[in-house]
Structures are given as structure tokens and as C-alpha cells.
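Here's the letter readout for the chains.
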Amino acid sequence: MTEAIGRNELCPCGSGKKYKKCCGAKEAVSITHVIENEIDDLQKKLLHFALNHFEEEIFNGFEEYQDYFDIEEDERQFYEFVYTIWFSLFNSLEDGETILEHFITAEVGKIKRPKLKQILQSWTEARTIAGEIINVENNSIIVEDGFSAEKYEVILINTQKSFEPGSFFIGFLLPFDQKYVFFPAPFDLPELPVNQAIDFIEQKSKDAGYHSPQEFLIEFFMEIMKDLTMVGGMVDIDSMEWQKPIFKEVAELLKRNLESLDEMPSTVDIGIILWFKFCEKKQKNIRKPNLYAASMHYLLTLFNHMVSPLTQKETAKLYGVSVGSLSSTYAELDDELEEDIRTIIEMSYEE
């Protein structure tokens, strides 16, 4: 909260002067607002410092990501900007220090305001964060860390963009007294379900052998940020040419149940694609769409990582079919789609 200061009171910044001759020289304003503007200036100075003194290191590091990012030319500037921030905050140079630590050493002696100096020095505790925007009010938001469930109050500085509660976001947090500020702002993906995004990062972390997804996010922030833009489902059931309406009905039923279990969109896509391939190969006269949707669902659990894997009995119960019918129908699908499944598995290993 901001606090109005009397003009003849001592300035809260710690200078020892009256407020009217210090931070309130022009008009009685909030000291918090003054410091927020100074923090914004410090963020800009840090970027200029990084590019003026360590441009070669930043450029060489970013070039290593070119093949991975496979970005369009009009996206390059944005990713270079984010990379510069990430590199400056978390990557050690040859001398063992980060660009941020070099900046603090060079800048802290120039700062007269004790509180601002303290805030700048606390930036060595910078962190990455991925989670959910809980609440938005005026110039601050409450966010929840998707890994620890901790909540943080974050001040939005010179940000014109609006944010929606419930949205997934990823970004960099810098300490600001007892609160935080983003550097420069949260990167939100409102169309991506929070639980799917967090599950994706946690699974990537496990696959890479990390015990802490937070440590993984710091180390692979750029890769994760790029990958998250492709987590959402790509297959559109309505645009596919189903030879019979009931084939499409099975696909829609399969999709609804997979999504109800918070399965990853990529898993849903694989299930729909395999079902479509089966329909092309076998022109079945289907009377029980639940049975084929259940069989396709169970088949997925046998070769694909699932967020909520189900046993054969649990799958049968979910779709309201018998275990015996499920077992025989799933075997038919498995036999017909053997080559397609092998191709998917090989592609996953290559990735």
C-alpha cells in the first residue's frame, strides 16, 4: 500500500531531510511510487549495462539457442530480450559472478537513497516462477507458485497490459522490500490451463533428472518458455474427415474423458490421431462408441506417459463398459495400430 507523507515530516527514504526538500520537492507524493519509478529505471540500466559490457557473451550464448528456438525473424527481438534478462540474472561469467552482481557493484555506490540501495542488493535473490495469477487489483497482483503453492504480492511497474485471474504465467521475480516486482512483466498464456503447464514442466524436470522443478526452471527457462507455446492441443476433431459420424463421436468421447483427467493436450492429440488411423484402416460397424473410446484410452496408458494412468478395470468403469469387452477390443486396436504406435515411440525417443 502507498502512504501519503506530510511535507514537513522526515522523508521515509532515510536521507534525514524533510520530505518537501527530498522526495516531495515538487508535490506530496507516495515514497513507494517514487521508488517504483526508480526500480523501473534500475531495470533499464541493468539491460544497458549488460549489453554495453557483456554483449559478446550474451550474443554467443543466444546463438546456441537458434536451432532449438527455430524462431521467425519477427520473434527474434523478443526472445533476445528475454534471453538477455535471464542471462544477466542467473548465468555466471568466467570470473564466477553474474552480470547482475557486476551491475550492483558498479551502481550501488551511486545510489543515495538507502532503501533503494537495499532493494538493489536484494536482487541477487532473483528467481524464476511459473504458476497462476490469483488476483489483480490496481497496480499489484497476487500470484501462486505452481510448484510450492506459495503466494506472492507483486507490484506491476509501468505495465499497460491487463491480466486475468486464473491465467497461467511465467517470469522473473525481483525482491521489492516485503513484496516483489517482475522483470520486466509476467509472460502470461491465458489459453493454457495452469495444471497442464505445471505438469508439463514437472515432467520435463523429471525426464532431465532434476529433483527440483524450480531448479530446472532456472536452468532451462528459455527452452521451457518456448515449449509452453506448443503445449496446447493441435488436432481439431471438427476439421478431420471422418468417414462415419460415429467415428467422430468416439473421438469426442475420448477427448472429453482424457481432458477430465487433466491429461496433456499432446496425449489427447496422439489418441485422436491413432483413432483416426484405425478408422481409415478398419471400416467398423460400431454400435457402442463407449467401448472403442475406452479401448483407445487404455491403449494410450500402455505406451504413453499419462498424468492419471488408469488400470483396465478403472478405464472400463469410467466409460461404463465391461472389462472383458474392453480387453478384446483394445487387443484389436493394438494389433491394427502396432506400426503407428512404434513410430510415435521412436519419435518420442528422438525428441
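Computed from a predicted structure; not experimentally measured. (Residues numbered from 1 in each chain as written. Predicted model: local features only at pLDDT ≥ 70, side-chain atom pairs only at ≥ 80, totals over all residues. Heavy atoms only, no water.)

A. Broad picture of the overall build of the chain. Within the chain, the secondary structure is distributed over 15 helices and 6 strands. Overall, the C-alpha framework of the chain stretches about 85 × 45 × 35 Å when taken along its three principal axes. When each of the 351 residues of the chain is scored for burial, the buried share is 46%. Pairs at least 24 residues apart make up 63% of the contacts formed inside the chain by residues separated by at least 6 positions. When the accessible surface of the chain is summed, it comes to about 19,000 Å², and 47% of that surface belongs to carbon and sulfur atoms. A gap of 8 Å separates the mean positions of the 34 positive and 63 negative side-chain charges of the chain. (Helix = DSSP H or I, 4+ residues; strand = E, 2+ residues; numbered from the N terminus. Buried < 20%, exposed > 50% of the residue type's maximum accessible area, 1.4 Å probe, protein only. Contact = heavy atoms within 4.5 Å. Areas by Shrake-Rupley, 256 points an atom, 1.4 Å probe, with all protein chains shown as cover. Lys, Arg positive; Asp, Glu negative; His and termini not counted. Charge placed at Lys NZ, Arg CZ, Asp CG, Glu CD.)

B. Quick peek at helix 2 (residues 55–63). All of the buried residues in helix 2 are Ile58, Gly61 and Phe62. On an axial view of helix 2, the arc spanned by its buried residues comes to 95°, and they lie on one face. (Arc of directions from axis to C-beta.)

C. View of the packing of aromatic side chains. In this structure the tally under the stated criterion is 19 aromatic pairs. When the ring of Trp242 is compared with that of Phe276, the centres are 5.1 Å apart and the planes differ by 80°; the resulting orientation is edge-to-face. Taken together, the residues Trp242 in the loop between helix 9 (221–228) and helix 10 (245–260) and Phe276 in helix 11 (residues 265–281) connect sequence positions 34 residues apart. One exposure class covers both Trp242 and Phe276, and it is buried. One aromatic cluster in this structure is built from Phe62, Tyr83, Trp86 and Phe87. (Phe/Tyr/Trp six-rings, centres within 6.5 Å; stacked < 30°, edge-to-face > 60°.)

D. The arrangement of a negative patch on the surface in detail. Residues Glu55, Glu56, Glu57, Glu94, Asp95 and Glu97 make up a contiguous surface patch of negative charge. Residue position: Asp95 is located in the loop between helix 4 (73–90) and helix 5 (99–107). Given a relative accessible area of 48%, Asp95 falls into the partly exposed group. (Patch = residues over 30% accessible without salt bridge, like charges linked within 9 Å, V, L, I, M, F, W, Y side chains within 5 Å. Salt bridge = Lys/Arg side-chain N within 4 Å of Asp/Glu carboxyl O.)

E. Molecular detail of the nonpolar core. Counting residues in each nonpolar core, the largest one holds 57 residues, and the members touching the most others are Leu89, Phe168, Phe172 and Leu228. Per element, the largest residue contribution to this core is 8 residues, and it comes from helix 4. Once residues lying within four places of it in the same chain are set aside, the contact partners of Phe172 are Val82, Ile85, Trp86, Leu89, Phe90, Arg127, Thr128, Val181, Phe182, Phe183, Phe187 and Phe221. Counting 38 residues, the second-largest nonpolar core is a separate cluster that includes Val250, Phe278, Leu299 and Ile344. (Core = buried A, V, L, I, M, F, W, Y, C linked by side-chain atoms within 4.5 Å.)

F. Quick look at the pairing of strand 1 (residues 127–137). Here strand 1 pairs with strand 4 (residues 168–176) via 6 bridges, running antiparallel. The residue of strand 4 that forms the bridge with Glu132 is Phe168. With 6 bridges connecting them, strand 1 and strand 2 (residues 140–145) associate as antiparallel partners. For Gly131, the partnering residue across the bridge sits in strand 2 and is Asp145. The turn joining strand 1 and strand 2, which pair antiparallel and follow one another in sequence, is formed by 2 residues; a positive phi near 55° is taken by Asn138. (Pairing = 2+ DSSP bridges.)

G. Representation of helix 13 (residues 312–319) in the model. Within helix 13, burial applies to Gln312, Thr315, Ala316 and Tyr319. Burial along helix 13 is one-sided: seen end-on, the buried residues are contained in an arc of 100°. Facing away from the buried side of helix 13 by over 90 degrees, the exposed positions are Lys313 and Lys317. Immediately downstream of helix 13, the backbone of Gly320 shows phi near 70°, a positive value.

H. Layout of the pattern of salt bridges. The full count for this structure, using the stated rule, is 16 salt bridges. One salt bridge connects Arg342 with Glu339, and the closest N-O pair in it is separated by 2.6 Å. Placement of the pair is Arg342 and Glu339 together in helix 15 (residues 338–350), with a separation of 3 residues, close to one helical turn. Among the residues examined, Glu339 registers a relative accessible area of 52% and is labelled exposed. Counted as one network, the salt bridges with shared partners bring together Lys45, Glu107 and Lys110.

I. Main features of the pairing of strand 4. For strand 4, a buried count of 9 out of 9 residues is recorded, marking the element as mostly surrounded by other parts of the structure. Both faces of strand 4 are covered, namely the face carrying Phe168, Ile170, Phe172, Leu174 and Phe176 and the face carrying Phe169, Gly171, Leu173 and Pro175. Of the strand pairs in this sheet, strand 4 and strand 5 (residues 179–182) are connected by 4 bridges, and their pairing is antiparallel. Directly across from Pro175, in strand 5, lies its bridge partner Tyr180. In sequence, strand 4 turns back onto strand 5 through a hairpin of 2 residues, with Asp177 there showing a positive phi of about 60°.

J. Spatial organisation of the confidence of the model for the chain. A residue-level look at the chain finds 91% of positions with pLDDT of 70 or above and a mean pLDDT of 88. The spread of mean pLDDT over the elements of the chain runs between helix 3 (residues 66–69), the lowest at 66, and helix 5, the highest at 98. (pLDDT = per-residue confidence, 0-100.)

K. How the structure looks around the packing of helix 11 against helix 12 (residues 289–303). Contact pair helix 11 / helix 12: the axes reach a minimum separation of 10 Å and the direction vectors enclose 120°. Taken together, the axis directions place helix 11 and helix 12 in an arrangement best described as oblique. Of the two elements, helix 11 crosses helix 12, and the hand of that crossing is right-handed. Contact residues: Thr267, Ile270, Gly271, Leu274, Trp275 and Phe278 in helix 11; Tyr292, Met296, Leu300 and Phe303 in helix 12. Residues belonging to the contact of helix 11 with helix 12 are distributed by class as follows: 8 nonpolar, 2 polar and no charged. (Axes fitted to C-alpha atoms, helices over the stretch in contact; angles between N-to-C directions. Parallel < 35°, antiparallel > 145°, perpendicular 65-115°, else oblique. Left-handed = near helix turned anticlockwise from the far one by under 90°. Nonpolar A, V, L, I, M, F, W, Y, C, P; charged D, E, K, R; others polar.)

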